[in-house]
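Close look at the chain arrangement
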Amino acid sequence: MKVEVAIVGAGPAGLLLGHLLRSKGVDCIIVERRSPDYVLSRIRAGVLETVTTDLMRQLGVDARLNADGMIEEGFNLADGDRVVRIDIAALTGRHVTVYGQTELTRDLMEAAPDRGLPIVYDATDVALHDLESGEPAITYRKDGETHRIQADFIAGCDGFHGVSRRAIPDGRAYEREYPFGWLGILADVPPCHPELIYANGPRGFALASMRSATRSRYYIQVPLTSALEDWPEERLWDELAARFDPISDRGVKRGPALEVSIAPLRSYVFETMRHGRLFLAGDAAHIVPPTGAKGLNLAASDVAYLAEALIGWYRNGDEAGLTGYEARALARIWKAERFSWYLTKLMHRFPEDGAFEHRMQSAELDYVAGSRAMQTAIAENYVGLPL
Ligand code: RFL
Ligand code: PHB
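Overview of the structure.

Basis of the calculations
Residues numbered from 1 in each chain as written. Chains lettered and ligands numbered in written order. Predicted model: local features only at pLDDT ≥ 70, side-chain atom pairs only at ≥ 80, totals over all residues. Heavy atoms only, no water. Near = heavy atom within 4 Å. Polar contact = N/O pair within 3.5 Å; in protein donor to acceptor, adjacent residues only side chain to side chain. Areas by Shrake-Rupley, 256 points an atom, 1.4 Å probe, with all protein chains shown as cover. Helix = DSSP H or I, 4+ residues; strand = E, 2+ residues; numbered from the N terminus. Pairing = 2+ DSSP bridges. Contact = heavy atoms within 4.5 Å. Axes fitted to C-alpha atoms, helices over the stretch in contact; angles between N-to-C directions. Salt bridge = Lys/Arg side-chain N within 4 Å of Asp/Glu carboxyl O. Buried < 20%, exposed > 50% of the residue type's maximum accessible area, 1.4 Å probe, protein only.

Remarks on the site of ligand 1
Taken together, the neighbourhood of ligand 1 is formed by 32 residues, with Glu32, Arg42, Gln101, Asp283 and Leu296 sitting nearest. Here an oxygen atom of ligand 1 and a side-chain polar atom of glutamate 32 are 2.6 Å apart. The backbone of alanine 293 places a nitrogen or oxygen atom 3.1 Å from an oxygen atom of ligand 1. Bound to the protein, ligand 1 loses 89% of the 1000 Å² it would expose on its own. For the shell around ligand 1, the secondary-structure elements that each account for two or more residues are α1 (12–23) and α8 (295–316). Tallying contributions element by element places α8 first for the shell around ligand 1, with four residues.

Dropping the structure here:
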């Protein structure tokens, strides 16, 4: 089989890239290791920047996003009983949209057949070949047979644990691991507050988020040694009530969990994002801690740049976009890394921190509370830097 662009991974990065390329007539295929159900069972991001919602609109896959997406004009940073509201609409004239990654993924998956975007699910032993030649290829196994796809270019959109980054022999990783993870719970109960609240306090960090007016998403900071068995649902709800009852509008409502999971926190950037005819995009190349809600949005901006570069190459043989892709993407990635790291440091309890560091966090939030300039800096990063 021969295509113009072979994409590894059908997460948000791979799906968005596939649709962007197909919308301009570029012939491509996506090869995904997991099943469609498995891909949709991963509960992850919830907050979309306009960069991401604009791409969905440009692709015409925005019907459910327009109907169900919740426009958020502000969010809150809390510290003990104090709640500092960041009025993103007043400070930036823009907003973010609460719409689950699962829903965005579903919209892109369901639109794929009509747009002529083939997706091969359940592909095992995916391997990349001849990346430095003009005819790179992907092989994979499915239903007991080995398949080979030859392409002009390969897009590595296979996430942090994929094969693409590992196929680059001479990259450098810049990395910071955090000494805690986030324990998340999704439940069909009304959110405790109309807007997101990121809360820091003596018991650690907690986040109140949502998916709709009737579905809540909460997270708490847990030690890396914590296991799901340590957190029976009642204990988790007690903890959330202790954190959010004093500062939220309605208090925490309890209900059976639809999903509970623990994710470690990490900052990670891999340079280089290109090797011969292979280009990395999304979590394959970088990870941010979820505190800034940037991971999915960065995947979207990477593929917006990459699609533009590939389309330029196919339209008029212009290599400049491909040559410049990495520098353009990294400029935005490092700024999102900085913001996610900054909010993570401001809002979490680090085991190595003492009374001095807690006073520093408190002084920083004091300064934010009293300074429109600081609030603007936070708001413009949260809402997303321009492409
Ligand atoms: P994904 O979503 O990991 O998709 C990669 C796909 O590649 C497949 N794959 C392979 N396919 C073929 N061959 C192989 N060898 C393969 N290896 C892997 C995988 O099965 C998968 O389908 O990466 P992508 O597309 O780059 O998208 C990135 C986002 O998923 C990620 O950045 C966000 O979810 C991060 N994130 C958040 N981002 C936000 O923008 N806002 C948020 O509010 C937010 N909250 C979160 C998050 C991530 C979380 N976790 C669990 C990591 C909250 C959490 C808890
Ligand atoms: C979520 O709703 O899952 C969510 C929201 C904001 C974040 C991270 C996750 O920063």
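There is more to say after this.
Comments concerning the sheet that holds strand β16 (residues 215–223)
To summarise the sheet geometry, strands pair through backbone hydrogen bonds and adopt either a parallel or an antiparallel arrangement. Spatially, β6-β5-β14-β15-β16-β13-β17-β20 is the arrangement adopted by the eight strands of the open sheet, whose pairing is mixed. A single partner strand is all that each edge strand has here, and the edge strands are β6 (82–86) and β20 (286–287). Summarising the sheet, strand β17 (residues 257–271) and β20 pair through two bridges and their orientation is antiparallel. By the bridge assignment for β20, valine 269 is matched with histidine 286. Across the sheet, helix α9 (residues 320–347) lies against β5 (75–79), β13 (172–187), β14 (197–200), β17 and β20, angled at about 125° from β17, the strand it touches most.

Concerning the pattern of salt bridges
In the structure shown here, the tally under the stated rule is 20 salt bridges. Of the charged contacts in the structure, one is a salt bridge between arginine 106 and glutamate 103, with a shortest N-O distance of 3.8 Å. Of this pair, arginine 106 and glutamate 103 both sit in helix α6 (residues 101–111), three residues apart, which is roughly one turn of the helix. You can call glutamate 103 partly exposed: its relative accessible area is 23%. A salt bridge links arginine 266 to glutamate 175; the shortest N-O distance between them is 3.5 Å. Note that arginine 266 is positioned in strand β17 and glutamate 175 in strand β13, a separation of 91 residues in sequence. Three or more residues joined by partner-sharing salt bridges are found here, namely Arg64, Glu103, Arg106 and Asp107.

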